[in-house]
Amino acid sequence: MRTDEEIYKEKENFIKDKLLPLLQAIDGNIIGAEYRVLCRSPYDLEYILLHWKNAEDQRVYITGDSLLALAKDVLRVIK
């Protein structure tokens, strides 16, 4: 069974290598995306921090465990 750290690293790599280029292709105003985890009891809070040109950073809270669910959560906020 994979550890939480391995799962977090997989999500971080997915965002950097796969999701960010897709987001930038959809909206050229996106200049970066970071995966962040706040370790809090009783559960961890995960979110993606989107960096925009000429706009404030935006948090996108992710609720799913799968990479597909993560991508859907982020893509929903892109207008």
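Residues numbered from 1 in each chain as written. Predicted model: local features only at pLDDT ≥ 70, side-chain atom pairs only at ≥ 80, totals over all residues. Heavy atoms only, no water.

Colleague: Looking at this model, I keep getting lost on the packing of aromatic side chains. Mind explaining?
Modeller: Aromatic ring pairs are reported here in terms of the distance separating the ring centres and the angle at which the planes meet. Following the criterion strictly, the structure yields two aromatic pairs and no others. Taking the centre distance of 6.3 Å and the plane angle of 45° together, the rings of Y8 and Y35 count as tilted. With Y8 in helix α1 (residues 4–26) and Y35 in strand β1 (residues 30–38), this pair connects stretches of sequence that are 27 residues apart. Its relative accessible area of 18% is what places Y8 among the buried residues. Judged by centre distance (5.7 Å) and plane angle (55°), the rings of Y47 and Y61 are tilted. Here the residue Y47 occupies a position in strand β2 (residues 45–52), and Y61 occupies one in strand β3 (residues 58–61), the gap between them amounting to 14 residues. (Phe/Tyr/Trp six-rings, centres within 6.5 Å; stacked < 30°, edge-to-face > 60°. Helix = DSSP H or I, 4+ residues; strand = E, 2+ residues; numbered from the N terminus. Buried < 20%, exposed > 50% of the residue type's maximum accessible area, 1.4 Å probe, protein only.)

Colleague: Looking at this model, I keep getting lost on the packing of α1 against helix α2 (residues 67–77). Mind explaining?
Modeller: Geometrically, a packed helix pair is captured by the angle between its two axes and the distance between the axes. Between α1 and α2, the least distance of the axes is 11 Å, while the angle of their chain directions is 40°. Taken together, α1 and α2 sit at an angle that is classed as oblique. Crossing handedness for the pair α1 and α2: right-handed. Across the interface between the two elements, E10, K11, F14, I15, L19, L22, L23 and I26 of α1 pack against L67, L70, A71, V74 and L75 of α2. Here the contact of α1 with α2 is built from residues that sort into 11 nonpolar, no polar and two charged. (Axes fitted to C-alpha atoms, helices over the stretch in contact; angles between N-to-C directions. Parallel < 35°, antiparallel > 145°, perpendicular 65-115°, else oblique. Left-handed = near helix turned anticlockwise from the far one by under 90°. Contact = heavy atoms within 4.5 Å. Nonpolar A, V, L, I, M, F, W, Y, C, P; charged D, E, K, R; others polar.)

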